[in-house]
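Chain by chain, the residues run as shown.
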Amino acid sequence: MLPWKSVLRALTVLLLTAAAVLAPTTAAQAGAAPSRGWNDWSCKPSAAHPRPVVLVHGTFGNSVDNWLGLAPYLVDRGYCVFSLDYGQLPHVPFFHGLGPIEKSAGQLDAYVDRVLAATGAPEADLVGHSQGGMMPRWYLKFLGGADKVNALVGIAPDNHGTTLLGLTALLPHFPGAEDLIGEATPALADQIVGSPFLTRLNEGGDTVPGVRYHVIATRYDQVVTPYRSQFLSGPEVTNVLIQDKCALDLSEHVAIGMVDRVTFHEVANALDPARATPTTCLSVIG
């Protein structure tokens, strides 16, 4: 039988390979500048949309691939939209969000400062998918982000960690397994239910004053499980199950963040609640 360290190293390689196969663009495309107007550093927010939007990708994502659907959707509606890469590991190109999440929050901190300086806006809105919907909460809580952010919109965020359909419950039975995952891909270890990172993040409550939180989940999520663990508690929180808006929406963890226009409509509502219109199945053509 193979030693467990060898097995887990092989698993990490397989995960990276799967990400490469499933990524919607080629490596060359991932390195190219986004099109259709996002990451335009000359963009100035309008009176209708006075805050820039910063998009925060998920684990194995990057600043382009994760946002080929939502970024143009928001640009077309008049927003200044920006997206960053974070959580890079040495010798792992294109697939990010793998480094220690606390360090990634520091990268977000610096990027938001850059966006605010370029746009002249006093605050930004954040929209994140998966880890990208949870990681900003560290920035808001511990790095002073609450003074620079109006709203955090989380799409399928792992706010209280994930059991990966119960697979993480097996880790204690294999000594050293969790340590190896933490060494190879620290962000994966940080996202396991009960991890030291998540314990500290959620101590004393899920939210901080002065920020609106809007969580959008799908009952068909197969990555952040159980899906209700994504929801937050506290003031200024709105939790949405997308199937309550459109029962026919079959989006799972990836689709809800990358291609689901029903979810995109709900994101737009969260960014501009004063002009919100009902999110329904017909939002796919909106």
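Residues numbered from 1 in each chain as written. Predicted model: local features only at pLDDT ≥ 70, side-chain atom pairs only at ≥ 80, totals over all residues. Heavy atoms only, no water.

Caption draft 1: Quick look at the confidence of the model for the chain. Confidence along the chain averages 87 in pLDDT terms, with 83% of residues attaining 70 or more. Within the model, pLDDT remains below 50 along residues 1-35, and this stretch shows 35 contacts once partners closer than five positions in the same chain are excluded. (pLDDT = per-residue confidence, 0-100. Contact = heavy atoms within 4.5 Å.)

Caption draft 2: Main features of the pattern of salt bridges. Taken as a whole and assessed by the stated rule, the structure comprises 5 salt bridges. Salt bridges linked by common partners bring Asp109, Asp113 and Lys148 together as one network. (Salt bridge = Lys/Arg side-chain N within 4 Å of Asp/Glu carboxyl O.)

Caption draft 3: Up close: the pairing of strand β1 (residues 53-56). Of the two faces of β1, both are covered, the one formed by Val53 and Leu55 as well as the one formed by Val54 and Val56. As paired elements, β1 and strand β2 (residues 81-84) share 4 bridges and run parallel to each other. Looking across to β2, one finds that Val56 is bridged to Leu84. Following the backbone out of β1, through helix α3 (residues 70-75) and into the adjacent parallel β2, one traces a crossover that is right-handed. The sheet contact formed by β1 and strand β3 (residues 124-129) spans 4 bridges and is parallel. Opposite Leu55, over in β3, you have Val127 as the bridge partner. (Buried < 20%, exposed > 50% of the residue type's maximum accessible area, 1.4 Å probe, protein only. Helix = DSSP H or I, 4+ residues; strand = E, 2+ residues; numbered from the N terminus. Pairing = 2+ DSSP bridges. Right-handed = clockwise from strand over helix to strand, strands pointing away.)

Caption draft 4: The nonpolar core, seen in detail. Of all hydrophobic cores here, the largest spans 38 residues; its most connected members are Val54, Leu108, Leu126, Tyr139 and Leu140. For this core, the secondary-structure elements that each account for two or more residues are β1, β2, α4 (101-119), β3, α6 (136-142), β4 (149-155), α9 (196-202) and β5 (212-217). Broken down by element, this core gets its largest block of residues, 7 residues, from α4. Residue contacts for Val54: discarding those within four places in its chain leaves Phe82, Leu84, Leu108, Tyr111, Val115, Ala124, Asp125, Leu126 and Val127. (Core = buried A, V, L, I, M, F, W, Y, C linked by side-chain atoms within 4.5 Å.)

Caption draft 5: Highlighting α4. Over its 19 residues, α4 extends 27 Å from the first C-alpha to the last, a length consistent with the 27 Å expected when each residue adds 1.5 Å. Taken as a whole, α4 has its buried residues at Ile101, Ser104, Ala105, Leu108, Asp109, Tyr111, Val112, Val115, Leu116 and Thr119. Count one or two residues on from α4 and you reach Gly120, which has phi positive near 80 degrees. (Expected span 1.5 Å × (residues − 1).)

Caption draft 6: Broad picture of the state of the cysteines. In the structure shown here, the tally under the stated rule is 2 disulfides. What pairs with Cys246 in a disulfide is Cys281, and their sulfur atoms sit 2.0 Å apart. Between Cys246 and Cys281, the S-S torsion sits near 100 degrees, and that sign places the bridge as right-handed. Here Cys281 lies in the segment after α12 (261-271) and Cys246 lies in the loop between α10 (242-245) and α11 (253-258), a separation of 35 residues in the sequence. Since its relative accessible area comes to 5%, Cys246 is described here as buried. For Cys281, a relative accessible area of 29% puts it in the partly exposed group. Ordering the disulfide-forming cysteines of the chain by sequence position, one finds them joined as 1-2, 3-4. (Disulfide = S-S within 2.5 Å.)

Caption draft 7: Looking closely at the sheet that holds β2. Taken in spatial order, the 6 strands of this open sheet run β2-β1-β3-β4-β5-β6, and their pairing is parallel. Two strands in the sheet have a free side with no partner beyond their single neighbour: β2 and β6 (237-241). Here the strands of the sheet are splayed against their neighbours by 15 degrees on average, with no regard to which way each runs. Pairing between β5 and β6: 5 bridges, direction parallel. Bridge assignment links His214 to a residue of β6, and that residue is Thr238. Contacts between α4 and the sheet are confined to β1, β2 and β3, with β2 contributing the most and set at about 155 degrees to the helix. Across the sheet, α12 is in contact with β1, β3, β4, β5 and β6; its angle to β5 comes to roughly 170 degrees. (Axes fitted to C-alpha atoms, helices over the stretch in contact; angles between N-to-C directions.)

Caption draft 8: Summary view of unusual backbone geometry. Look at the link from Thr225 to Pro226: it is a cis peptide, with omega at -10 degrees. Relative to the assigned elements, Pro226 resides in the loop between β5 and β6. Of note in this structure, Asn39 is not a glycine but carries a positive phi near 60 degrees. One can find Asn39 in the loop between α2 (27-30) and β1. Phi angles above zero are rare outside glycine, and Phe60 is one such case at about 70 degrees. Residue position: Phe60 is located in the loop between β1 and α3.

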